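Understanding the architecture of this molecule
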Amino acid sequence: MTRSGPSLRRIALCLQYDGAAFCGWQRQRNAPSVQETIEAAIAALDPLGPGRTMAAGRTDTGVHAAAQVAHFDAAGPIPPERWAKALNGRLPRSIRIRAAAEVPDTWHACFSASYRRYRYTIHNARTPNLFLAPWSWHRYQQRLDDQAMAQALEAMLGEHDFSAFQRAGSRRAHGRTTLQEVRLERQGDLITVELQASGFLYGMVRLVMGQLVAIGEGRLSGEAFEHRWRECRRAEVKEAAPPQGLCLLRVGYPTEVFPRAAWYDCQPRFQLETSDSPDLQPASAVQSAHPAPPPSGGAQAKR
């Protein structure tokens, strides 16, 4: 997006939203979207501005965001640092603006980003938990083999063609992207998987997670999984994880735009005092990560 006049200022927003209330980020004709909701609030505060927002990533229906980033061009007198408070006064509780900052007119929420990082949470216990249900995938049939899942993730690091994990309807010309870091960790009955990449294909994380759970349950071998994505066998990737376990954790830029407290790892981690895991093979806590050239302000991989 380019400015239409010298009076416009580009404002970057760091925002959170509960994805259950929306059809995703992108504006849709017959369903409420995050984009439409925010643009309506901007238009009410800045009627002379273009009002159009651009986001770092288009999350799907039901997917949450802890630190999504978007930008818009403002024409009115509201100071950049006041936009967060002004918008929060007009937005529903399912959307919160964490921070706002003025950026150069050449800066773009999507194209200036150096990475996106997602976190997926699995509740691997026999008994459901009302407080975890909106933010996790409940897998109760058996104890997941998190070590096998972590090993399968490691081979995906680097630049590859991940077309096997691209949903129909994508407008991308190719399926190549660079997976910069992977991390899988079990804490009691909770498994979290974090994936960081230069960019993600449409539906990629949920399709990867569906395959990883199949590996953890012994329904799919690590070798078969790797063969599927290396050979781009999209027809064999049929199971996608549900959206509520997925959260856009943060978006990174060569130069940090927002205060770290408003931007870095803003999704709380759940903790359960007792374990209710299905009684199958034991799975020790595991962390899997390979170092990648760390973007400025990004988390470095741990061995």
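Structure report, in brief. (Residues numbered from 1 in each chain as written. Predicted model: local features only at pLDDT ≥ 70, side-chain atom pairs only at ≥ 80, totals over all residues. Heavy atoms only, no water.)

Here we look at empty space enclosed by the protein
Selection rule: Space inside and on the surface of the protein is sampled on a 1 Å grid over the protein atoms alone, with a cavity defined as a set of points where a 1.4 Å probe fits but cannot get out and a pocket as an open set with protein on both sides within 12 Å along at least 5 of 7 lines; lining residues have an atom within 4 Å of a point. Grid points are joined across faces, edges and corners, and a volume is the space filled by probe spheres set on the points. For this scheme, ten residues count as nonpolar: Ala, Val, Leu, Ile, Met, Phe, Trp, Tyr, Cys and Pro. Four count as charged, namely Asp, Glu, Lys and Arg, and the remainder, Gly too, count as polar.
Across all of its chains, the model carries 3 cavities of 30 Å³ or more by this definition. Surrounding the largest cavity, R119, T121, E185, Q187, L190, T192, Q267, P268, R269 and F270 form its lining. Of the residues contributing to the lining of the largest cavity, the split by class is 3 nonpolar, 4 polar and 3 charged.

Notes on the packing of aromatic side chains
Threshold: Two rings belonging to Phe, Tyr or Trp (six-membered ring only in the last case) form a pair when the distance between their centres is within 6.5 Å. Interplanar angles under 30 degrees mark stacking, angles over 60 mark edge-to-face geometry, and anything in between is tilted. Going along the chain from the N terminus, every DSSP run of H or I of four or more residues is numbered as a helix, and every run of E of two or more is numbered as a strand. Categorising residues by exposure relies on relative accessible area from a 1.4 Å probe, with only protein chains included: less than 20% of the type maximum marks a residue as buried, more than 50% marks it as exposed, and the intermediate range marks it as partly exposed. In this analysis the charged atom, NZ for Lys or CZ for Arg, is taken to sit over a ring once it is within 6 Å of the ring centre and within 35 degrees of the ring normal.
Scanning all chains against the criterion turns up 7 aromatic pairs. Ring centres of F72 and W83 lie 4.9 Å apart, and the angle between their planes is 80 degrees; on these two criteria the pair is classed as edge-to-face. Placement of the pair is F72 in strand β3 (residues 64-74) and W83 in helix α2 (residues 83-88), with a sequence separation of 11 residues. One exposure class covers both F72 and W83, and it is buried. With centroids separated by 5.3 Å and ring planes inclined at 55 degrees, the aromatic side chains of W263 and Y264 adopt a geometry described as tilted. We classify W263 as buried; its relative accessible area is 5%. Sitting above the plane of the Y264 ring, R250 keeps its charged end 4.1 Å from the centroid.

Quick notes on unusual backbone geometry
The phi dihedral of C232 falls on the positive side, at around 55 degrees, and the residue is not glycine. Mapped onto the fold, C232 is located in the loop between α5 (222-230) and β10 (246-252).

What about the side chain of N124?
For clarity, the threshold we go by: Distance and chemistry together define a polar contact, namely a pair of N or O atoms within 3.5 Å, with one atom able to donate a hydrogen and the other to accept it when in protein, and with adjacent residues in sequence counting only for side-chain atoms on both sides. Should any heavy atoms of two residues lie within 4.5 Å, those residues are counted as being in contact.
Mapping N124 onto the fold places it in the loop between β5 (115-123) and β6 (137-138). According to the relative accessible area criterion, N124 is buried, its value standing at 0%. A polar contact is formed between the side chain of N124 and the backbone nitrogen of L144, at a distance of 2.9 Å. Beyond its immediate stretch of four places on either side in the chain, N124 contacts R139, Q142, R143, L144, R186, D189, I191, S277 and P278.

Some remarks on the pattern of salt bridges
As a reminder, the rule being used: Throughout this description, the term salt bridge denotes a Lys or Arg side-chain nitrogen within 4 Å of a carboxyl oxygen of Asp or Glu.
Throughout the structure, instances matching the rule amount to 22 salt bridges. When the shortest N-O distance is used, the salt bridge between E181 and R183 registers 3.2 Å. A relative accessible area of 3% places E181 in the buried class. Here R183 falls in the buried class, since its relative accessible area comes to 12%. As a salt-bridge pair, E236 and R228 come within 3.4 Å of each other at their nearest N and O atoms. One salt-bridge network, held together by shared partners, links R117, R119, E181, R183, E185, E194 and R269.

Everything listed is a geometric property; what it means functionally is a separate question.
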